[in-house]
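For reference, the chains in residue letters:
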Amino acid sequence: MAQYRLQQLAELLDAQLIGDPEILITGIATLESAQPEQISFLANPAYQKYLPHTQAGAVLLKDAFSEHCPCAALVLSNPYVAYARLSQLFDPMANGVAGIHPSATVSDQAQVQPSAQVGPHAVIEAGAEIGANSYIGANSYIGANTIIGENCRIYPNVTIYHGVSLGRQVTIHSGCVIGGDGFGFANERGQWIKIAQLGGVIIGNQVEIGANTNIDRGALEDTQIANNVIIDSQVQIAHNVKIGEGTAIAGCVGIAGSAEIGRNCLIGGSSNISGHLKICDGVTLNMTTNVTSSITQPGAYSSGTGMMDVKVWRKNAVRFSQLDQLAKRIKNLEQTLARQRDEQ
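Residues numbered from 1 in each chain as written. Predicted model: local features only at pLDDT ≥ 70, side-chain atom pairs only at ≥ 80, totals over all residues. Heavy atoms only, no water.

Peer 1: Looking at this model, I keep getting lost on the overall build of the chain. Mind explaining?
Peer 2: Counting secondary structure elements, the chain contains four helices and 40 strands. Here the C-alpha atoms of the chain give a radius of gyration of 27 Å, more than 25% beyond the 20 Å that 2.2 N^0.38 yields for 344 residues. Projecting the C-alpha coordinates of the chain onto the three principal axes gives extents of approximately 95 × 65 × 30 Å. Look at the contacts in the chain between residues 6 or more apart in sequence, and 17% of them connect residues 24 or more apart. With an accessible surface of roughly 18,500 Å², the chain has 49% of that area assigned to carbon and sulfur atoms. Across the chain, the centroid of the 21 positively charged side chains sits 14 Å from that of the 28 negatively charged ones. (Helix = DSSP H or I, 4+ residues; strand = E, 2+ residues; numbered from the N terminus. Rg over C-alpha atoms; globule rule 2.2 N^0.38 Å. Contact = heavy atoms within 4.5 Å. Areas by Shrake-Rupley, 256 points an atom, 1.4 Å probe, with all protein chains shown as cover. Lys, Arg positive; Asp, Glu negative; His and termini not counted. Charge placed at Lys NZ, Arg CZ, Asp CG, Glu CD.)

Peer 1: Explain the nonpolar core to me, please; I cannot follow it from the model alone.
Peer 2: Grouped burial of nonpolar side chains is what soluble globular proteins tend to show. Within the largest apolar cluster, 50 residues are counted, with the highest numbers of intra-cluster contacts made by Ile160, Ile172, Ile178, Ile203, Ile255, Ile273 and Ile279. Put simply, the parts of the chain that give this core at least two residues each are β19 (164-166), β24 (201-203) and β37 (283-285). Those residues within four positions of Ile178 in sequence are excluded, and the remaining contacts are Thr159, Ile160, Tyr161, Val164, Ile172, Val201, Ile203, Ile209 and Ile215. (Core = buried A, V, L, I, M, F, W, Y, C linked by side-chain atoms within 4.5 Å. Buried < 20%, exposed > 50% of the residue type's maximum accessible area, 1.4 Å probe, protein only.)

Peer 1: Looking at this structure, I do not really get the sheet that holds strand β5 (residues 38-41). What am I missing?
Peer 2: Through backbone hydrogen bonds, the strands of a sheet pair up, either in parallel or in antiparallel fashion. The mixed open sheet is built from five strands, whose spatial order is β2-β7-β6-β5-β4. Every other strand in the sheet has two partners, leaving β2 (16-18) and β4 (27-28) as the edge strands with one partner each. Relative to strand β7 (residues 72-75), β2 runs antiparallel, the two sharing three bridges. Bridge assignment links Gln16 to a residue of β7, and that residue is Val75. (Pairing = 2+ DSSP bridges.)

Peer 1: Any chance you could explain the pairing of strand β23 (residues 191-194) here in plain terms?
Peer 2: Where a strand is regular, its side chains alternate between the two sheet faces. Summarising the sheet, strand β22 (residues 185-188) and β23 pair through four bridges and their orientation is antiparallel. From the neighbouring strand, Ala186 faces β23, where its bridge partner is Ile193. Counted between consecutive antiparallel strands, the loop separating β22 from β23 contains two residues, among which Arg189 sits at a positive phi close to 50°.

Peer 1: Just checking my understanding: could you explain the environment of Arg217 for this structure?
Peer 2: Considering the arrangement of structural elements, one finds Arg217 in the loop between β26 (214-216) and β27 (223-225). Overall, the relative accessible area of 2% leaves Arg217 in the buried class. Through-space distance from the C-alpha of Arg217 to that of Gly163 is 8.9 Å; in sequence the pair is 54 residues apart. Separated by 2.7 Å, the side chain of Arg217 and the backbone oxygen of His162 make a polar contact. (Polar contact = N/O pair within 3.5 Å; in protein donor to acceptor, adjacent residues only side chain to side chain.)

Peer 1: Mind showing me how you'd approach the environment of Ala211 here?
Peer 2: Its place among the elements puts Ala211 in the loop between β25 (208-209) and β26. Ala211 gets classed as partly exposed once you look at its relative accessible area, which sits at 23%. As a C-alpha pair, Ala211 and Gln38 span 173 residues in sequence and 29 Å in three-dimensional space. If sequence neighbours within four positions are ignored, Ala211 has contacts with His173, Ser174, Cys176, Ser233 and Gln234.

Peer 1: Looking at this structure, I do not really get the pattern of salt bridges. What am I missing?
Peer 2: Opposite charge on two side chains permits them to pair, given that their charged atoms come into close proximity. For the coordinates displayed, the defined rule picks out five salt bridges. Arg189 is the salt-bridge partner of Glu188, the closest N and O atoms lying 4.0 Å from each other. (Salt bridge = Lys/Arg side-chain N within 4 Å of Asp/Glu carboxyl O.)

Peer 1: When you look at the sheet that holds strand β20 (residues 171-172) in this model, what are you seeing that I'm missing?
Peer 2: Judged by pairing direction, the sheet is mixed, and its 12 strands sit side by side in the order β8-β11-β14-β17-β20-β25-β28-β31-β34-β37-β39-β40 without closing on themselves. A strand with exactly one partner marks an edge of an open sheet, and here the two such strands are β8 (99-100) and β40 (308-309). Where strand β11 (residues 117-118) meets strand β14 (residues 135-136), two bridges bridge the pair, whose relative direction is parallel. Bridged to Val118 within β14 is Ile136.

Peer 1: Teacher, can you tell me more about a positive patch on the surface here?
Peer 2: On the surface, Lys311, Arg314, Lys315 and Arg319 cluster together into a positively charged patch. Among the secondary structure elements, Arg319 is positioned in helix α3 (residues 310-320). For Arg319, a relative accessible area of 48% puts it in the partly exposed group. (Patch = residues over 30% accessible without salt bridge, like charges linked within 9 Å, V, L, I, M, F, W, Y side chains within 5 Å.)

Below you can see the structure in the form of structure tokens.
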């Protein structure tokens, strides 16, 4: 079990310590449920009401709340980021046992670093490379000539096809398929002719991909996911899509082929992005936004039907409820004008 003295955590986070530096911390919990051996955090002022009554051994918080803290405190500017960093220390999956499980199938032509861990019944094909300290979960498949960088975590039952490249610290959750064929077909008099997908997938550093997400390989060039991109569960990313650094994509999003998404974008859940268009840097798509044309200006966008600027959408959302009344008024006006014409 992981355990740290409060002084160690303060140094790690570069935080101001208030209280006993020798307090032993063995886990993290909410303000309401934390016990004396656990650390908690106050990042949202809405939870301030729980602070005076917490049983935590210490709390991560801003200086403005420190005088109301009944226990030891680590004071810093962003408690939520500090919580995120500490959570990695107490992750039970963080440390595995290096080596290849006897039931795994690893090609003689594959390269697996000695510090990597390969789980039961995993398959690693010829030409594949598994980087130092990486983990390949049970029943996962790593295709030919695929490169897995250092400190990657591939959870059980992940399929990574041939010719895929992952950078450092990439996490892929169970059920994902990376590098499957894109939806490419040509039609000849009603007969679908498959287009071989000859590209690959390139994924940068510190990327996280949620469960049951699919990222298709490119038709000719590679599908590209840049550094520090986070992708939620059940997302479909089609062939030749490019996603810029720092972008976050929520669950059930669909991105059609050859779309390009810029840096630091936020894509809300269940949004759909048409193919062969571009979204510039710094765009936020609210939930269920349907993007049917390129976006060239940063900002927030929403839609119930077609995409529009979020300020316009809010006004139209109110007017949608008035459409029936407006239609009746127009009909009455037309009838009145018709009578006036007849009287003339």
